[in-house]
Amino acid sequence: MPTYASSLKQPKAQSKPIPLKPISYLHGEPQVICEHDEVNQMIINENLEYAVIGKFSYGWPEIQDLQKLIPKQCELKDECNIGLLSNIHVLIRATLLKDYVHLLSKLEFYITQRIWSFRMRTLKWDPMFNPEEETSTAITWISFHSLPPNFFGNEVVFSLAAAVGKPLQVDMATRNQTRPSCARVKVEVDLLREFPK
């Protein structure tokens, strides 16, 4: 019989092998072409579904220290894999949606080692990540005022929030049904797109 805790866990996408891709040539240059579904499967296979970039603009501890400090000081609930991505970026592969949302919900974290504190900003990772450009993705709360309480279920609130971005979670008051005047949902949005009224 499933427990209450197991029912709250996000279902883990299944890793599937990607077939070897043939090499084709364009203007004499070799290229490998991957379909959109294959790229999405590669993200699952490489545990990048909940990947976050940590950006250290003003120095940082050694990567071995960051691998110990980030999970503890960022209060992550489950395991994560941390590796150096560029000279100022680390890639944090969280395993829980809750940790992913937590990392992206705060504007910055301070990673402390001995007497030094290092500012780490978090950014959403995506396959087109370019260390030279800032991301336009952000996490924000959306409120639905005067929504009748019978529409507070995740299915309805997530469906409404999908008009703006990718719904991630409802707030505690919505989940616990303690604020019937307003439903709130945390959403991942692209700040460059046009939003509906």
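Residues numbered from 1 in each chain as written. Predicted model: local features only at pLDDT ≥ 70, side-chain atom pairs only at ≥ 80, totals over all residues. Heavy atoms only, no water.

Draft legend 1. Region of the structure containing the overall build of the chain. Per the secondary structure count, the chain includes six helices and 10 strands. Counting only C-alpha atoms and orienting by the principal axes, one finds that the chain spans roughly 60 × 50 × 45 Å. Taking the contacts inside the chain whose residues are at least 6 apart along the sequence as the reference set, 60% of them involve residues at least 24 apart. In the structure as shown, the chain presents an accessible area of about 13,300 Å², 55% of it carried by carbon and sulfur atoms. Charged side chains of the chain number 22 positive and 22 negative; the gap between the two group centres comes to 8 Å. (Helix = DSSP H or I, 4+ residues; strand = E, 2+ residues; numbered from the N terminus. Contact = heavy atoms within 4.5 Å. Areas by Shrake-Rupley, 256 points an atom, 1.4 Å probe, with all protein chains shown as cover. Lys, Arg positive; Asp, Glu negative; His and termini not counted. Charge placed at Lys NZ, Arg CZ, Asp CG, Glu CD.)

Draft legend 2. Geometry of the sheet that holds strand β9 (residues 166–170). Spatially, three strands are ordered β8-β10-β9 in an open sheet, and the strand pairing comes out antiparallel. Of all strands in the sheet, those with a lone pairing partner are β8 (137–145) and β9, marking the two edges. Going from strand to strand, the sheet's axes swing by 30 degrees on average, the running direction of each strand aside. Pairing of β8 with strand β10 (residues 182–190) involves nine bridges; the strand directions are antiparallel. Following the sheet pairing, T140 is matched in β10 by V187. This element, helix α4 (residues 97–105), spans β8, β9 and β10 of the sheet and lies at about 100 degrees to β9. (Pairing = 2+ DSSP bridges. Axes fitted to C-alpha atoms, helices over the stretch in contact; angles between N-to-C directions.)

Draft legend 3. Representation of the UniProt feature "domain: DUF4283" (unreviewed entry) in the chain within the structure. UniProt's entry tags residues 45–133 with the feature "domain: DUF4283" (unreviewed entry), counted in the numbering of this structure. When the span residues 45–133 is considered, its composition is 24% helix and 35% strand, and the gap between its end C-alpha atoms is 26 Å. (UniProt positions renumbered as here; feature names shortened; annotations may be inferred.)

Draft legend 4. Broad picture of the layout of surface pockets. One number sums up the size of the second largest pocket: a volume of about 340 Å³. For the second largest pocket, the lining is made up of 19 residues, of which E49, Y50, Y100, K124 and K166 are closest to its centre. The set of elements that each furnish at least two residues to the lining of the second largest pocket consists of α2 (36–45), α4 and β9. Class assignment of the residues belonging to the lining of the second largest pocket gives a composition of 12 nonpolar, two polar and five charged. (1 Å grid on protein atoms, 1.4 Å probe; cavity = no way out; pocket = protein on both sides within 12 Å on 5 of 7 lines; lining within 4 Å. Points joined across faces, edges and corners; volume = space filled by probe spheres on them. Nonpolar A, V, L, I, M, F, W, Y, C, P; charged D, E, K, R; others polar.)

Draft legend 5. Structural detail: the environment of E75. Positionally, E75 belongs in the loop between α3 (63–73) and β4 (80–84). C-alpha separation for the pair E75 and H102, spaced 27 residues apart in sequence, amounts to 8.7 Å. Apart from the residues within four sequence positions on either side, E75 is in contact with I70 and H102.

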